[in-house]
Amino acid sequence: MNIDFIKKYETRAPRYTSYPPANFFNNSVDNNVYQQQIEISNGENPQNISLYIHIPFCPRLCNFCGCTTFFNSDINKLNKYIEALEKEIDTVAQLIDLKRPVTQMHWGGGTPNALNFDYIKRIVNRFKKYFKFANNAELAMECNPAYMDLKDIDNYAELGFNRLSIGIQDFDIEVLKNINRQPSKLDISVLINHIHSLGMKGINLDLVYGLPGQTPETFKIAAQKAVDCGADRIVTFPYAHVPWVKPAQKILEQKGLLSADEKLHCFVGAHDILTKAGYNFIGMDHFCKPDDALSIALKNGNLKRNFQGYCTAETTGQVYGFGATSITQLHKSYVQNIKNPDIYIDTINKYGLAVERGYVLSNKEIIVREAINELMCNGKLNFDYCASKLGISVKDIIEATDYKPEKFAQFVNDGILTITNNELKLRQDAFLAVRNIAVLLDPMIKDSGKMFSKTI
């Protein structure tokens, strides 16, 4: 990997987990609009259903985190939150065509695995009361290993969970102290071995680079330890410093943040270790074993992406979000729930839905989204393929994205991008620059005044 090329492109740009990005959402989308959009979604593709459940509570708040989370140890509030989730499930289930299969369920947070297992079982069974789960459905949960033991894993497997995402962040105790995060209760390799023994696949470890106390050398050590643990997937997220969104992150400025150059060397060092160990580089931040579903999807050009991360075309569906701050991702719209858990609970109890904001896409924006997603997921944009998929002409895509080959001249000259036969193709080992390229296909970003995290 030639880091000199990538260093040239440090700027701020969307991560494009959605298009338009979430900071374009507005309050014109309310409960009534959401109900209409759910009904419309029944006739849209993909027909598969993805379920997202957000648990916004943590037993301890990490000061590096960019998620919407709240400290909570109030059992009474947890009970009320679970009851509200059940009521929201009841409401939405009446609007969805229940003949459609569920191929993905993802629990995020917050710290969902810190919940009492009885709560998790209640919610899963509530979904199963209404929805038909496909035989190959992926049931995943984001887990903090500080609150995980072998019995917990057994419980999850018994309930049908088959993928766990373990947020180790770093193995170094001092780094974890700097971000106010507890270390794993058990050795990570013990956890992963037990998970694999139960037949679960796609187990991933999340690592974050750019945290106070890290260096490129120590992050290489963390990457090697992740390899030694035997994870199927290893994800290396750059720490996104957005104190204007998450004021708690200002604490890290006092502890010393890594420079962009140091962060880049963290990634490059980890990249070299992981690829030499046989992992394939997927997208911007995933490393997967060759037989992993994500590696196979990338090879076949079927990699997809949503707010929960990279996924396969086989399991990707329109996403219906439940819980405070959850985001629904439908073919024609995005809908985000109220962020404050107390207000969310009160609103659900009154109306059954608790929408705060969202976005309804125009036909042009749907075209732009498809073009950007192809580039962000599979590292290429073939205009003929994209046009055929959408049932439109290549000219429609060119006009919607304001595509002009000369916009990409610098990337072509640097050998990062090739343009041939109506196709943009990114060099695989230069994927850190994909956001810089994607933004050139985005007519909305220019002069938008929006703030985004750094691309590197």
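Thresholds applied
Residues numbered from 1 in each chain as written. Predicted model: local features only at pLDDT ≥ 70, side-chain atom pairs only at ≥ 80, totals over all residues. Heavy atoms only, no water. Helix = DSSP H or I, 4+ residues; strand = E, 2+ residues; numbered from the N terminus. Core = buried A, V, L, I, M, F, W, Y, C linked by side-chain atoms within 4.5 Å. Buried < 20%, exposed > 50% of the residue type's maximum accessible area, 1.4 Å probe, protein only. Contact = heavy atoms within 4.5 Å. Phe/Tyr/Trp six-rings, centres within 6.5 Å; stacked < 30°, edge-to-face > 60°. Lys NZ or Arg CZ within 6 Å of the ring centre and 35° of its normal. Salt bridge = Lys/Arg side-chain N within 4 Å of Asp/Glu carboxyl O. Pairing = 2+ DSSP bridges. Axes fitted to C-alpha atoms, helices over the stretch in contact; angles between N-to-C directions. Expected span 1.5 Å × (residues − 1). Arc of directions from axis to C-beta.

Caption draft 1: Unusual backbone geometry, seen in detail. At the junction of Tyr19 and Pro20, the peptide bond is cis and its omega measures out at -5° in the coordinates. Locating Pro20 in the fold gives a position in the loop between α1 (3–7) and α2 (31–41). Within the chain, Tyr16 stands out as a residue other than glycine whose phi angle is a positive 55°. Position of Tyr16 among the secondary structure elements: in the loop between α1 and α2.

Caption draft 2: Region of the structure containing the nonpolar core. By size, the foremost hydrophobic cluster in this structure holds 132 residues, and its most contacted members are Trp107, Ile120 and Leu205. In contact with Trp107, not counting residues within four places along its chain, are Tyr52, Ile53, Ile55, Pro112, Leu115, Ile120, Ile123, Val124, Ala140, Met141, Glu142 and Phe161.

Caption draft 3: Molecular detail of the environment of Asp414. Here Asp414 lies in the loop between α16 (409–413) and β18 (417–420). Overall, Asp414 belongs to the buried group, its relative accessible area being 14%. Separated by 193 residues in the primary sequence, Asp414 and Ile221 have C-alpha atoms spaced 31 Å apart.

Caption draft 4: View of the packing of aromatic side chains. Evaluated as defined, the whole model comprises 17 aromatic pairs. Judged by centre distance (6.0 Å) and plane angle (50°), the ring pair of Phe127 and Phe131 falls under tilted. Neither residue differs from the other here; Phe127 and Phe131 are each classed as buried. On the basis of an interplanar angle of 35° and a centroid distance of 5.7 Å, the ring pair of Tyr403 and Phe408 is categorised as tilted. Comparing Tyr403 with Phe408, the two get one shared label, buried. Over the ring of Tyr310 we find Arg305; its NZ or CZ atom is 5.3 Å from the centre of that ring.

Caption draft 5: Spatial organisation of the pattern of salt bridges. Evaluation of the coordinates by the stated rule reveals 17 salt bridges. For the salt bridge of Glu44 with Lys332, the shortest nitrogen-to-oxygen distance reads 3.3 Å. Residue Glu44 is located in the loop between α2 and β1 (49–55), and its partner Lys332 is located in the loop between β14 (327–329) and β15 (333–337); the two are separated by 288 residues in the primary sequence. With a closest N to O distance of 4.0 Å, Lys395 and Glu399 form a salt bridge. Taken as a pair, Lys395 and Glu399 lie in helix α15 (residues 394–401) at a separation of four residues, close to a single helical turn. Its relative accessible area of 56% is what places Lys395 among the exposed residues. A relative accessible area of 49% means that Glu399 is categorised as partly exposed.

Caption draft 6: Quick look at the sheet that holds strand β19 (residues 423–426). Pairing within the open sheet is antiparallel, and its three strands lie in the order β17-β19-β18. Only two strands of the sheet have a single neighbouring strand rather than two, namely β17 (380–382) and β18. This sheet shows a mean twist of 15° between the axes of neighbouring strands, independent of strand direction. Bridge count for β18 against β19 is four bridges, and the pairing is antiparallel. By the bridge assignment for β19, Ile419 is matched with Leu424. Lying on the sheet, helix α14 (residues 383–390) is in contact with β17 and β19; it crosses β17 at an angle near 65°.

Caption draft 7: Layout of helix α8 (residues 216–229). The terminal C-alpha atoms of α8 lie 20 Å apart, and with 14 residues this matches the ideal 20 Å at 1.5 Å per residue to within 8%. Every buried residue belonging to α8 is among Phe219, Ala222, Ala223, Ala226, Val227 and Cys229, and all of these are buried. Buried residues along α8 cover an arc of 165° about the axis, so they all sit on one side. In α8, the exposed residues that point more than 90 degrees away from the buried face are Glu217 and Asp228. Residues of α8 that are buried sit in contact with α7 (188–197), β7 (204–209), β8 (233–238) and α10 (260–276). Within two residues after α8, Gly230 carries a phi angle of roughly 85°, on the positive side.

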